Amino acid sequence: MTERRPEGRGANLDDTAKQIIELLQDDGRLSYSAIAKKVGLSEAAVRHRVQKLIEGGVMQVVAVTDPMQMGFARQAMIGVKVNGNVRQVAEKLSEIDKLDYIVITTGRFDILAELVAESDDELLEIVSEQISALDRVVTTETFVYLRLEKQTYAWGVR
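Residues numbered from 1 in each chain as written. Predicted model: local features only at pLDDT ≥ 70, side-chain atom pairs only at ≥ 80, totals over all residues. Heavy atoms only, no water.

S.K.: Could you clarify how one ought to interpret the pairing of strand β2 (residues 99-104) in this entry?
M.R.: Side-chain positions along a regular strand alternate between the two faces of the sheet. Pairing between β2 and strand β3 (residues 111-117): 5 bridges, direction antiparallel. The residue bridging leucine 99 from the neighbouring strand is leucine 115, located in β3. Taking the residues between adjacent antiparallel strands as the criterion, β2 and β3 are bridged by 6 residues, where glycine 107 takes a positive phi near 105°. (Pairing = 2+ DSSP bridges. Helix = DSSP H or I, 4+ residues; strand = E, 2+ residues; numbered from the N terminus.)

S.K.: Would you explain the sheet that holds β2 in this entry?
M.R.: What the 4 strands build is an open sheet, ordered β2-β3-β1-β4; its pairing is antiparallel. Looking at strand neighbours, the two that pair on one side only are β2 and β4 (137-144), the edges of this open sheet. Put simply, the sheet's adjacent strands are angled 20° from each other on average, direction ignored. In the sheet, strand β1 (residues 74-82) pairs with β4 via 7 bridges, with the strands oriented antiparallel. Bridge pairing in β4 links alanine 76 to valine 144. (Axes fitted to C-alpha atoms, helices over the stretch in contact; angles between N-to-C directions.)

Listed below in structure tokens is the structure:
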């Protein structure tokens, strides 16, 4: 998982880097040579820039799947209320391998954590034995996904 910048305000990216990111957001399988033609750089320069963007935590190039179509029985978002240091609890949650998305938020919950589980038993074990058992976790609420209706990561760059 990539580490986020503390304030989440983005990197200083030039127009070419932004164009490369947008092209890969549209099609993560696009070849370096195809990107090079579109942005006016050599293939080697594009390869180097993409590697720097990945190493800098600006982007990831991954295959995004629908967990239900991959054979997983449950996908859920867990809202977590915390008494005390929210960042410390978020760090502890980050250590749980089955949690793949963790954000500190405002509103009814202090933290939202997403997971994909192979079964209801696994979901129950993660929520009751791992998340709820953490110090300073006051309560949790689980939102089970019934169907993935839309999932996109092509929001562009600024």
